[in-house]
Amino acid sequence: MSDTQDANQTHNNEVVLFSLDALDIRGRAVRLDHIVDEIISAHDYPQSVSTYVAQLISLSCLFSSLFKFDGIFSLQVQSSSALKMLACDVTSKGEVRACASFDEDHADEDDFKLGEGYVVFTIDQESEKDRYQGIVQIHNGDLVESVQHYFNQSEQIPTGIKAACNQDADGRWTAGGVLLQRLPDQGGTAEKTDKTDARDQWQHAMVLLSSLTDEEICDRDLSLHDVLLRLFHAEGPRVFDPIPLVKKCRCSRDKLLDVLRSMDPAERADITKEPEIEVQCEYCAEKYKFSAEDING
Ligand SMILES: [Zn+2]
């Protein structure tokens, strides 16, 4: 493992793929700096909502890298509280966008904690028709706990996640995390470990993961490779080609125009009473202006 060849010495804004071969574990690490900061700064969310958005972005980047797909991976959270919805998607090209919707009548930050609800995982493939969807209930108002539960229960894959985010004194957001998954028993290998060994190895890896601090996850100047070496130095982590990430929304004037034109006639007549109609993308906050003629064609 060496950083000498890398232009991006910190490995921020990419998913670092690694394995701990001796423990039969695969891992992912991510730290986002300007991407998460720009996504959140485009909005005026309450602090708790921004914190959930930051968490959701890092979790989405970690999870999207676990699947082989050609299209869009998305994580969506539906909650019964004043925080109504969180959404993030990551394309197979590493393009990330995220947003939240909340009840603006509330002023108390505690009202924006996650309530009862669901986290939905979706993979939409561009080339094939098949769509993967998984769902898990929100556990204890905690995103990380909820998604960890999803992998442990629904997918039967022991999964450990440590995630963190923060806003520094200059107002800049950083978010990241490390995920470990125990690989399914391949069977038939010469060095097949027995179940007790496998359980001990997994426990050992979880103890190591729990020693990772929020400061290490969010320190923009600390190389993610160094973080992994500190955590797993005895296990000798093997690092693979990373997945670069960029902030990119998929909205366009044409797509919004399609939406406006497909509204029912009464709604359309109502909005086209105004000479100019402004529509804002809920993900990236870009504003698009249309005339009544644009919409009525
Ligand atoms: Zn947009």
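Keep in mind that what you see is a predicted model, and the values were worked out from it rather than measured.

### A closer look at the overall build of the protein chain
Okay, step 1: When its secondary structure is counted, the protein chain shows nine helices and 14 strands.
Okay, step 2: Computed over its C-alpha atoms, the radius of gyration of the protein chain comes to 21 Å, within 12% of the 19 Å expected for a compact globule of 297 residues.
Okay, step 3: Referenced to the eigenvectors of the C-alpha coordinate spread, the extents of the protein chain come out at roughly 70 × 45 × 40 Å.
Okay, step 4: For the protein chain, the residues scored as buried account for 34% of the 297 residues in total.

### Examining the pairing of strand β13 (residues 276–280)
Okay, step 1: Buried residues are scarce in β13, accounting for zero of its five residues.
Okay, step 2: Note that β13 and strand β14 (residues 287–291) share five bridges and pair antiparallel. Note that in β14 the partner of E276 across the bridge is S291.
Okay, step 3: In this antiparallel pair of consecutive strands, β13 and β14, the connection spans six residues, and A285 shows a positive phi of 70°.

### A look at the domain arrangement of the protein chain
Quite often, the size of an interface is put as the accessible area lost when its parts meet.
Okay, step 1: Examined at the domain level, the protein chain breaks down into domain 1 (14–247) and domain 2 (253–296).
Okay, step 2: If you average the C-alpha positions of domain 1 and of domain 2, the two centres end up 35 Å apart.
Okay, step 3: Across the contact, six residues belong to domain 1 and four residues belong to domain 2.

### A word on the environment of L180
Okay, step 1: Here L180 lies in strand β9 (residues 173–182).
Okay, step 2: When the C-alpha positions of L180 and D264 are compared, they lie 48 Å apart, and in sequence the two are 84 residues distant.
Okay, step 3: Excluding its chain neighbours within four sequence positions, the residues that come into contact with L180 are I25, G27, G160, A205 and L209.

### Some thoughts on the packing of helix α1 (residues 34–41) against helix α2 (residues 47–64)
Okay, step 1: Across the interface, α1 lies against α2 with an axial gap of 10 Å and an inter-helix angle of 140°. By the angle between their axes, α1 is oblique relative to α2. Like other packed secondary-structure pairs, α1 and α2 cross with a definite hand, here right-handed. Facing α1, whose interface residues are V36, I39 and I40, α2 presents S50, V53, A54 and I57.

### Topic: the nonpolar core
Okay, step 1: In terms of nonpolar packing, the biggest core is built from 66 residues, with V36, Y52, V53, L56, I57, C61 and A98 touching the most fellow members.
Okay, step 2: Ignoring anything within four residues of it in the chain, the contact list for I57 reads L32, V36, I39, C88, V96, A98 and A175.

### Considerations on the pairing of strand β2 (residues 25–32)
Okay, step 1: Of all eight residues making up β2, seven are buried, and the element is well covered by its neighbours.
Okay, step 2: Here strand β1 (residues 14–20) runs beside β2; their pairing, made up of six bridges, is antiparallel. Residue V16 lies in a different strand from β2, and its bridge partner there is A29.
Okay, step 3: The antiparallel pairing of β1 with β2 creates a hairpin that spans four residues between the two strands, and D24 there sits at a positive phi of about 55°.
Okay, step 4: Of the strand pairs in this sheet, β2 and β9 are connected by eight bridges, and their pairing is antiparallel. In the strand pairing of β9, R31 is matched with G176.

About the criteria used
- Residues numbered from 1 in each chain as written.
- Predicted model: local features only at pLDDT ≥ 70, side-chain atom pairs only at ≥ 80, totals over all residues.
- Helix = DSSP H or I, 4+ residues; strand = E, 2+ residues; numbered from the N terminus.
- Rg over C-alpha atoms; globule rule 2.2 N^0.38 Å.
- Buried ≥ 20, exposed ≤ 12 C-beta atoms within 10 Å, placed from the backbone.
- Pairing = 2+ DSSP bridges.
- Domains from an automatic or database assignment.
- Contact = placed C-beta atoms within 7 Å.
- Axes fitted to C-alpha atoms, helices over the stretch in contact; angles between N-to-C directions.
- Parallel < 35°, antiparallel > 145°, perpendicular 65-115°, else oblique.
- Left-handed = near helix turned anticlockwise from the far one by under 90°.
- Core = buried A, V, L, I, M, F, W, Y, C linked by C-beta atoms within 7 Å.

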